[in-house]
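Residue-level structure breakdown
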Amino acid sequence: MKFTRFFTAAALGLALSSPALADREILNVSYDPTRELYEAFNKEFIHHWKEETGETLVVRQSHGGAGKQTRAVIDGLEADVVTLALAYDIDAIAEKTGRIPADWQKRLPNNSSPYTSTIVFLVRKGNPKDLKDWDDLVKPGVEVITPNPKTSGGARWNYLAGWAYAKEKYGSEDAARDFVTKLYQQVPVLDSGARGSTTTFVQRGIGDVLLAWENEALLAINELGKGEFEIVVPSVSILAEPPVTVVDKNAEKHGTTDVAKAYLEYLYTPVGQKLAAEHYYRPGDPEVAREYADAFPDVNLITVDSAFGGWRKAQETHFNDGGVFDHIYQPR
Amino acid sequence: MSGAVSSLSTPANAVVTRRAVTEAAWLRILLTALALAFLGVFLVVPLVLVFQEAFSKGWQAYLAALTEPDAWHAVKLTLIAAGLAVPLNVVFGLAAAWSLTRFQFRGKQVLITLIDLPFAVSPVIAGLIYVLVFGSRGWLGPWLEEHNLSIIYAVPGIVLATVFVTFPFVARELIPLMQEQGVSQEEAALTLGASGWQTFRRVTLPSIKWGLLYGIILCNARAMGEFGAVSVVSGHIRGKTNTLPLHVEILYNEYQFAAAFAVASLLALLAVVTLVAKSFLEFKHQRDRERATRAAARQEAS
Amino acid sequence: MSRNRVIPGFGLSLGYATLYTSLIVFIPLAALAASGISLGAETFWAVVSHPQAVASYKLSFGASLVAALINLVFGLLVAWVLVRYTFPGKRIADALVDLPFALPTAVAGIALTALYGRNGWFGQYLEGWWGFKVAYAPAGIVVALTFIGLPFVVRTVQPVLEGLERELEEAAASLGANRWRTFRRVLLPALVPALLTGFALSFARAVGEYGSVVFISGNMPYRTEITPLLIYSKLEQYDYAGASALGVTMLVFSFILLLAINALQYWNLRRQGGG
C-alpha cells in the first residue's frame, strides 16, 4: 500500500517536473555539403548556450538535397532554422507557407549569408589535360563531371558560373548559351546530386574535371585522396551565397525563437566564422577572412543578382521546364 | 495417393520412371551451373563487393559503424516500422486472399490489380501521395496541424510508407496458393459442424503456412530495406526519423564509404537471419513429416 | 454460387480487404490523380506528351520489359534447380534469392555501378575489351532492374513447383513422352499462372524503381533518363501538379498492363478448369 502511494507520488512528481527539466530542441534543416560544418558548429553553440544561460540545448540536424529539404519544410517539416543552398529555396518557403516574412534576407548581414563559396575545378593529379580556365573544358576529348541542374541545387551554381564566364568574355547572351551548350556536351554522366558527382569522379575514376563548390572540392581532397587531385581556380566564377534564416512561425510554435536567433547570430561571431573557414567556406568577416586568406585564392566573383537579375529569374529562364537548359539536349 | 502408386510399382519399374521424370546428368549439371552463374553474377558478386567495402577499414571500424548511437536509433526505427507494417499486411493479406479465392463476385480482377499496384508506383510517387494527403498543404494537413498531430516527417509517416510499399506481398503470395488448393476440405470441416474460425485455424492455416511464411519473409525484407518512399516522408532528422537505409545514404554522402557499406551489410544479414529461420522451420517440418510417415508405416506393418 | 452458402466470412473479409486497400492505396492515389487533374486537360496533355517524357516512358517501360523477361527465364531456371536438384550450397543459394529486397536500393545501385563502371570488376573487361558500356548506358538500367526484380519469379514459381504432384510426370513418361515433351505439355501449363504473376510483379516493380537506377543510369535527357527521375525534377521546381501528371500516366499504363496480365491469368484458370 505504502509502496504504491510512494510510486504514484514519485511518478506524479516526475510527470509534473519533466516539462521544466525537458531540454529545448531546435531543428536545423540544411543541405548536403554543410554536414561537417554544422556538426562542429552545433557542439560549439551548445557549449556556448550552456555557459550563457545554463540551459542544455539539443540541436537536431537534417541534411539532404537542397530542393528536397525545402519541399519538406514547405510540406510541414517543422524546422526552427533553415540553412540552405540558394535564396530561391528560402523564398519558396516564404511564398508558399508564409512561415517566413518576405523580407527575410534583410534580417541578417551580408544578405543573410554568413559564409560564401564559389565554383572551382577539381582535376586529377598533375592536371594531365592542362585545364586552366573555362575555355579548356570545351576542348575535344575533355570529360566534365557535374550533376543535373534539374535535380541538384549545387549543379545550378556550376551552370551559372560557366554562363557568367562566357558572358563576361564574349560579351553576349547568345555566346554564353553556345558556350554552356558545348560545356554540357562534354558531360558523360549527370548525377542527381552534387555528392553523387564527386563520387563518380573520385571513386569511379570517370571524367577529367569535376565542377564543384570550393568547400566540396577542398573536402574531397582532404577526405578522399590527399595528393590525388588538384584544385584549379578559373579566372571568373560565381559568388555562391548560401543563406540562413529563422522559420518564424515554427520557432514561435515551439517557443524557440530566442535560441533560433542566437544560433544564427552565433554563425557571424569570430567563433562561427573560423569554423566556417575551417570547413572550407569563405568567411564573411573581413578579419577572419584575412587570417585564412591563403586558403582562398582571389577570383573575379560575379553575383547572381548582378549577372542574372536574382535567383528567381535565373531559375525561370534557365532551369524550369522549357528553359535554356532543356534546349541543350535534343531528342535523338 | 502417392503411397498407393509407388507401392504398386516394382523396383525395376521405379528405376525406369525415375529416369523418365528427371533429366540426363549432363543437363542437370548444365542447368545447375547456369542458375548458379546467374545468381553469382547478379547476387553474389554485388554482395561480396558490399562486404569488401564494409571491411575495407578493418573489423574495428566495422563494429564502430554499427555501434554508433545514430546507427542504433536507425536500427530501432527500422524494426518498429517493419514490426508494424508486416502484421498489418499479414492480416490484410489473409482477408484479401480469403475473400478473393473463396467467393465469386464482380470486380475481382480489378481488386487484385489494385493490390498489385503499389509495386508499380515509383517510390518518389509513393512518398508524394502521403505528402498530398497529410502534408501541411495537403487534404488533411490543416486539420492535423490544428490538433497538433504529425504524420509525415514523423514515425507514423514512415510506417505508412512502409506499409504501402510492402502492401501486396502477403496477399500476392496467398492468392495463387489458396486458389490452387480449392475449398473441398474447408467445406467438409464446415459440414461436419466446425465453426468458421475453427475451420480457418485448423484447416486453412496449416495448409497455407509455407506460402504465408514466404510472404512474411519477403514483406519483412522489403520493409527493412525500403529507401525511396521513406526518404520522402522522413525529414531525415538524424537520431530521430532516420531508418537504416536512410542512415546508409547519410554515411555515404559523408564520404564514410566503409561505414555506409557496413550498415548496408547489416541489412543484408538481417535478411539472411529470417531465411535461416525459414530453413530451420522447413527442416523441422520435414523431419516431423518423415517421423509421422514412418510411424504410420510401422503401424500398418504391425 | 452454392459455395458461398457454406463458407462464411465473405462480408467480413471482403469488407476489411476493401477498406484497407482504400485507405492505404486508393485514397492516396486519388489525391495524386486530383493533383494531376488540377492542371486542366490541355496542360496535362502538354506535360505528359512532351518529347522528353515520351523518351523516358520508352526507356522505363522498355528496360523494365527486358529485365522482367530476363527474370522470367532465369527465375524459372533458378526455381527449377532449387526445387528439383540437390547440390552443395543449395540452402545458401536459396537464401540469397531474397537479398535484393533487403539491400536498400541505393546500396544496390552503388554496388552495381562500382562493378560495371569503367574501373569496376566487370566494367573493365566489358568496356575495356569489348567496348560494351554498361554503367551510364541503358544496359546498366537493365542490370539494376533485373537485380531488384529477381526474387519475384523465383519466389512465385518455387511453391507451385514444390506442390506439383510427380504422378502427372510419371504418367506422361509411362505414356512414352520424352522429358522435353513432358515439360512442355505437363509442367509448363501448370507453372504458367505463377510465371505470369512473377513476371507481372517484377515488371511492375521495375517500372517505378528510382533509387538504384539513378546511380547507374547517368541520367542523360532523352537517352538514359527514366520517368521517375523526370518526376523528381518536376518536384524540384515545386511543380507538384506536373509531377502528379507524370505519376498518373505511369500508373495508368501499369494498371492496364497488370489488369491484362491478371485477366489472362483468370482466363487461363477458367480454360484449365473447364478443359
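Residues numbered from 1 in each chain as written. Chains lettered and ligands numbered in written order. Predicted model: local features only at pLDDT ≥ 70, side-chain atom pairs only at ≥ 80, totals over all residues. Heavy atoms only, no water.

1. So, the sheet that holds strand β1 (residues 24–30) of chain A
All names here are of chain A. Pairing in this open sheet of four strands is mixed, and the strands run β2-β1-β3-β9 from one edge to the other. Of all the strands in the sheet, just β2 (57–62) and β9 (244–246) have a single pairing partner and so form its edges. Across the sheet, the mean angle from the axis of one strand to that of its neighbour is 20°, orientation sign disregarded. Examined bridge by bridge, β1 and β2 share six bridges and lie parallel to one another. Of the residues in β2, the one forming a bridge with Val29 is Ser62. Packing against the sheet, helix α2 (residues 35–53) makes contact with β1, β2, β3 (81–83) and β9, and its axis sits at approximately 165° to β2. (Pairing = 2+ DSSP bridges. Helix = DSSP H or I, 4+ residues; strand = E, 2+ residues; numbered from the N terminus. Axes fitted to C-alpha atoms, helices over the stretch in contact; angles between N-to-C directions. Contact = heavy atoms within 4.5 Å.)

2. So, the packing of helix α3 (residues 66–74) of chain A against helix α13 (residues 227–236) of chain C
For the pair α3(A) and α13(C), the least separation of the axes is 9 Å and the interaxial angle reads 60°. Taken together, the axes of α3(A) and α13(C) are oblique relative to one another. Considering only the axes of α3(A) and α13(C), their crossing is left-handed. Across from Gly67(A), Lys68(A) and Arg71(A) in α3(A), the residues of α13(C) making contact are Tyr232(C), Leu235(C) and Glu236(C). For the contact of α3(A) with α13(C), the per-class residue count stands at two nonpolar, one polar and three charged. (Parallel < 35°, antiparallel > 145°, perpendicular 65-115°, else oblique. Left-handed = near helix turned anticlockwise from the far one by under 90°. Nonpolar A, V, L, I, M, F, W, Y, C, P; charged D, E, K, R; others polar.)

3. A look at the domain arrangement of chain B
Partitioning chain B into structural domains gives domain 1 (2–43) and domain 2 (57–301). Distance between the C-alpha centres of domain 1 of chain B and domain 2 of chain B: 34 Å. (Domains from an automatic or database assignment.)

4. A look at the confidence of the model for chain A
Taken as a whole, chain A shows an average pLDDT of 89; of its residues, 93% reach a score of 70 or greater. Considering only residues more than four positions removed or in separate chains, one finds that residues 1–21 of chain A, a stretch of pLDDT under 50, has zero contacts. (pLDDT = per-residue confidence, 0-100.)

5. Observations concerning the interface of chain A and chain B
By a widely used convention, the size of an interface equals the accessible area lost when the partners come together. The partner chain B presents 21 residues to the 30 residues of chain A that form the contact. When the two sides are added together, the surface that chain A and chain B hide from each other amounts to roughly 2,200 Å², 48% of it contributed by carbon and sulfur. For chain A, the biggest contributors to the area lost against chain B are Arg35(A), Lys68(A) and Asp75(A); these three give 24% of the whole. Along the contact surface separating chain A from chain B lie four salt bridges. Among the ionic pairs, Glu25(A) bridges to Lys240(B), the shortest N-O distance being 2.9 Å. On inspection of chain A and its partner chain B, the count reaches 13 residue pairs in polar contact (both at pLDDT 80 or more). When contributions to the side of chain A that touches chain B are tallied by element, the ones reaching two or more residues are β1, α2, β2, α3, α9 (194–202) and α10 (214–224) of chain A. Ranked by residues supplied to the side of chain A that touches chain B, first place goes to α3(A) with five residues. Classifying every residue of the side of chain A that touches chain B by side-chain character gives six nonpolar, eight polar and 16 charged. (Buried area = accessible area lost by both parts, 1.4 Å probe. Salt bridge = Lys/Arg side-chain N within 4 Å of Asp/Glu carboxyl O. Polar contact = N/O pair within 3.5 Å; in protein donor to acceptor, adjacent residues only side chain to side chain.)

6. Structural notes on the confidence of the model for chain B
All names here are of chain B. Mean pLDDT over chain B stands at 85; residues scoring 70 or higher make up 92%. The least confident element of chain B is helix α1 (residues 2–8), whose mean pLDDT is 40; the most confident is helix α9 (residues 155–166), at 94. Counting contacts from residues 1–16, a segment whose pLDDT is below 50, to residues more than four positions away or on other chains yields three contacts. Predicted complex metrics record ipTM = 0.86 and pTM = 0.86.

7. Considerations on unusual backbone geometry
Comment: phi is negative for the bulk of residues other than glycine, and the bulk of peptide bonds are trans. In this structure, Asp130(A) takes a positive phi of about 55° despite not being glycine. Along the polypeptide, Asp130(A) turns up in the loop between β4 (115–124) and α6 (134–137).

8. Points about the nonpolar core
Trp134(A), Tyr159(A) and Tyr184(A) are the most contacted members of the largest nonpolar core, which totals 303 residues. Of the residues forming this core, the biggest block, 15 residues, is contributed by helix α4 (residues 51–84) of chain C. Counting only domains with at least three residues in this core, you end up with domain 1 (2–43) and domain 2 (57–301) of chain B. Look past the residues within four positions of Trp134(A) in its chain and what remains in contact with it is Ile119(A), Phe121(A), Asn158(A), Ala161(A), Gly162(A), Tyr165(A), Phe179(A), Leu183(A), Leu211(A), Pro234(A) and Val236(A). (Core = buried A, V, L, I, M, F, W, Y, C linked by side-chain atoms within 4.5 Å. Buried < 20%, exposed > 50% of the residue type's maximum accessible area, 1.4 Å probe, protein only.)

9. Some thoughts on helix α8 (residues 173–185) of chain A
Because each turn of an α-helix spans 3.6 residues, side chains separated by three or four positions end up pointing in the same direction. Residues and elements named next belong to chain A. Relative to the 18 Å expected for 13 residues at 1.5 Å per residue, α8 spans 18 Å between its end C-alpha atoms, a close match to the ideal helical length. Taken together, the buried positions of α8 are Ala175, Ala176, Phe179, Val180, Leu183 and Tyr184. The arc that holds every buried residue of α8, seen down its axis, measures 165°, which confines them to one face. In α8, the exposed residues that point more than 90 degrees away from the buried face are Asp174 and Gln185. (Expected span 1.5 Å × (residues − 1). Arc of directions from axis to C-beta.)

10. Here we look at the interface of chain C and chain B
Counting from both sides, the interface comprises 99 residues of chain C and, opposite them, 96 residues of chain B. At the boundary of chain C with chain B, total buried surface from both sides reaches about 9,200 Å², with 78% on carbon and sulfur atoms. The largest per-residue losses of area from chain C upon contact with chain B belong to Ile7(C), Tyr20(C) and Tyr85(C), which jointly make up 7% of the total buried on that side. Counting the contacts that link chain C with chain B gives one salt bridge. Of the charged contacts in the structure, one is a salt bridge between Arg179(C) and Glu23(B), with a shortest N-O distance of 2.6 Å. Where chain C packs against chain B, one counts nine residue pairs in polar contact (both at pLDDT 80 or more). If one sorts the elements of the side of chain C that touches chain B by residue count, helix α2 (residues 10–37) of chain C sits on top with 18 residues. Across the side of chain C that touches chain B, the residue classes tally to 71 nonpolar, 15 polar and 13 charged.

11. Points about a nonpolar patch on the surface
Side chains of Trp139(B), Leu140(B), Leu19(C), Leu23(C) and Ile27(C) sit close together on the surface and give an oily, nonpolar patch of about 500 Å² of accessible area. Here Ile27(C) is to be found in helix α2. (Patch = residues over 30% accessible without salt bridge, like charges linked within 9 Å, V, L, I, M, F, W, Y side chains within 5 Å. Areas by Shrake-Rupley, 256 points an atom, 1.4 Å probe, with all protein chains shown as cover.)

12. A short note on the pattern of salt bridges
Considering all chains together, one arrives at 39 salt bridges over all chains under this definition. The salt bridge partner of Asp208(A) is Lys129(A), with a shortest N-O separation of 3.3 Å. Taken together, the residues Asp208(A) in the loop between α9 and β6 (209–213) and Lys129(A) in the loop between β4 and α6 connect sequence positions 79 residues apart. Under the relative-accessibility criterion, Lys129(A) is labelled partly exposed at 39%. Three or more residues are tied together by salt bridges with common partners; here these are Asp32(A), Arg35(A), Glu68(B), Asp70(B), Arg238(B) and Glu254(B).

13. Considerations on the pairing of β1(A)
Residues and elements named next belong to chain A. Counting buried residues in β1 gives five out of seven residues, a clear majority hidden from the surface. In this sheet, β3 lies alongside β1 in parallel orientation, the contact comprising three bridges. In the strand pairing of β3, Asn28 is matched with Val81.

14. Re the pairing of β6(A)
Side-chain direction in a regular strand flips from residue to residue, so the side chains alternate between the two faces of the sheet. Residue and element names in this part refer to chain A. Counted residue by residue, β6 has five buried out of five residues, so it is predominantly covered. Sheet topology note: the β4/β6 ladder contains five bridges and is antiparallel. By the bridge assignment for β6, Ile119 is matched with Trp213.

15. What about the packing of helix α11 (residues 184–191) of chain B against helix α12 (residues 196–225) of chain B?
Residues and elements named next belong to chain B. Running from amino to carboxyl end, α11 crosses α12 at an angle of 135°, the nearest separation of the two axes being 10 Å. One finds that α11 runs oblique with respect to α12. Once α11 is placed against α12, the crossing between them reads as right-handed. Listed contacts from α12 to Gln185, Glu186, Ala189 and Leu190 of α11 are Gly196, Thr199, Val203 and Thr204.

16. Quick look at the packing of aromatic side chains
Counted according to the given criterion, the structure contains 58 aromatic pairs over all chains. Relative to Phe325(A), the ring of Tyr159(A) lies with its centre 6.2 Å away and its plane at 70°, an arrangement referred to as edge-to-face. With Tyr159(A) in helix α7 (residues 153–170) and Phe325(A) in helix α17 (residues 324–328), this residue pair connects regions lying 166 residues apart in the sequence. The residues Tyr159(A) and Phe325(A) share a single accessibility class, namely buried. Their ring planes at 80° and their centres at 5.2 Å tell us that Phe61(C) and Phe253(C) sit as a pair that is edge-to-face. Taken together, the positions of Phe61(C) in helix α4 and Phe253(C) in helix α14 (residues 240–274) put the pair 192 residues apart, joining distant regions of the chain. (Phe/Tyr/Trp six-rings, centres within 6.5 Å; stacked < 30°, edge-to-face > 60°.)

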